[in-house]
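Residue-level structure breakdown
One letter stands for each residue in the lines below.
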Amino acid sequence: MEKLVITGGNRLEGDIDISGAKNAALPLMCAPLLTEEPVTLTNLPRLADISTLTDLLNHLGATVTIAGGNGGALTGRSMTFDASNIADTVAPYDIVRKMRASIIVLGPLVARAGEAIVSLPGGCAIGNRPIDLHLKALEALGADIELEDGYVRASAPNGLTGGTVRFPLVSVGATENTLMAAALAKGTSVIENAAREPEITDLANCLIAMGAKIEGAGTETITVEGVDKLHGCTYAVMPDRIEAGSYAIAALMTRGNLLLKNARLGDMGAPMDVLAEAGGIITEEAGGVRVKSNGHIGGFNIVTQPFPAFPTDMQAQFMALASIADGASVITEAIFENRFMHVPELCRLGADITVTGASATIRGVKSLRGAQVMATDLRASMSLVLAGLVADGETTVNRLYHLDRGYERLEDKLRTVGAQIERVNG
């Protein structure tokens, strides 16, 4: 089994290329299911989740062509999706169980083919993430929903119809599913209390490039005027704000200086505000965002909330930063009830963390020490890597399949800027 071996203590300096955003790429890869014409996506990251969704699209009958690759799903940054022939409307358990985001084929399939049968999803074990919001939204657009033997069956043989969907809770995935379904529904749909994340705007912009009529993406209310059909397009995936934020923390923790090439500061408001409070010097440059240390790491308080507030996907990484800060920090996880599983692993490295309910109090220590640790989910994996970069001695991070779902060529990028890190077998 592969693992990362990190020898801590090196200052990071140089440029890191920020890849296309995983959380934008996955829904964008489902958008081609809405049209008979090819859709080309550029700036796609090479990640395990991209491969998994490619397998699912292939199963549904879509053909995927990778530019500049040798046939593997992780070999190219540009992929063309041709879903002119939807051969199957069943998304099977064996594929869906690997990745929770697979549920977002549900809306496009029922909108285009009139039926979708999708396994209940799997993914990281970071708390209860029910899909009832997805199902109620599709019902509001006229779909009949049945649950049987671990599968969701959505049917609309005469097509979907416009309607009003008001989410009681903000949900990125449910907003994405509804947005794609509404694009082909008859009439006008209004999505209220919609997710406002930049990835939602990215999906809306791609759909507009395909001929959809959408207003209000990035706000709480999105209005979609359904069209009879969509056409193909070429669209570039936005840069990954979570990856950029993770490397920004690495710069601060190692007292380094990194240029995050292609990163967009406007997408990273709340995390960068906290990073600046903790001692980061952040400037926007023509090539991206530069983050460097002022030589001191101060404590901070965080509460995770939907965008534009602090993202839950950055909570674990900031906990690693807090572990070596001067003074105490408090992090409250208000999105997922089970997303502190990295705490025992950080404590193995010498962190001083106390969890009380949904809050963790982190008292910064002078130094961490290397140890064997195990990743529990995607973002927890990165928190352990960050801690390993500054720990005394050698840190070994096990169970890398989580990390490979969301960070492209992580060890290569970190070595380029001075980290001592390698992937080994055994």
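Our structure is the block above this text.
A short tour of the structure in this document, coming up. (Residues numbered from 1 in each chain as written. Predicted model: local features only at pLDDT ≥ 70, side-chain atom pairs only at ≥ 80, totals over all residues. Heavy atoms only, no water.)

**With respect to the environment of phenylalanine 318**
- Assignment of secondary structure puts phenylalanine 318 in helix H10 (residues 315-322).
- Each C-alpha atom of the pair phenylalanine 318 and threonine 40 lies 35 Å from the other, and the pair is 278 residues apart in sequence.
- Apart from the residues within four sequence positions on either side, phenylalanine 318 is in contact with Ile249, Pro271, Val274, Leu275, Phe300, Ile302, Phe310 and Ile331. (Helix = DSSP H or I, 4+ residues; strand = E, 2+ residues; numbered from the N terminus. Contact = heavy atoms within 4.5 Å.)

**Overview of the layout of surface pockets**
- Computed from the structure, the second largest pocket encloses a volume of approximately 210 Å³.
- Taken together, 16 residues make up the lining of the second largest pocket; nearest its centre are Ala111, Leu184, Val227, Asp228 and Lys229.
- Each residue belonging to the lining of the second largest pocket can be placed in one class, and the counts come to 7 nonpolar, 4 polar and 5 charged. (1 Å grid on protein atoms, 1.4 Å probe; cavity = no way out; pocket = protein on both sides within 12 Å on 5 of 7 lines; lining within 4 Å. Points joined across faces, edges and corners; volume = space filled by probe spheres on them. Nonpolar A, V, L, I, M, F, W, Y, C, P; charged D, E, K, R; others polar.)

**Comments concerning helix H2 (residues 48-60)**
- Along its 13 residues, H2 runs 19 Å from first to last C-alpha, staying within 8% of the 18 Å computed at 1.5 Å per residue.
- If you check which residues of H2 are buried, you get Asp49, Ile50, Ser51, Thr52, Leu53, Thr54, Leu56, Leu57 and Leu60. (Expected span 1.5 Å × (residues − 1). Buried < 20%, exposed > 50% of the residue type's maximum accessible area, 1.4 Å probe, protein only.)

**Some remarks on the packing of aromatic side chains**
- Under the definition given, this model contains 2 aromatic pairs.
- Between phenylalanine 300 and phenylalanine 318, the ring centres sit 5.8 Å apart and the planes meet at 85 degrees, which makes this aromatic pair edge-to-face. Of the two residues, phenylalanine 300 is situated in the loop between strand S17 (288-293) and strand S18 (301-303) and phenylalanine 318 in helix H10; the sequence distance between them amounts to 18 residues. Each member of the pair, phenylalanine 300 as well as phenylalanine 318, is classed as buried.
- Ring centres of phenylalanine 310 and phenylalanine 318 lie 5.1 Å apart, and the angle between their planes is 80 degrees; this geometry places the pair in the edge-to-face category.
- The class of phenylalanine 310 is buried, set by a relative accessible area of 5%.
- For phenylalanine 318, a relative accessible area of 0% corresponds to the buried category. (Phe/Tyr/Trp six-rings, centres within 6.5 Å; stacked < 30°, edge-to-face > 60°.)

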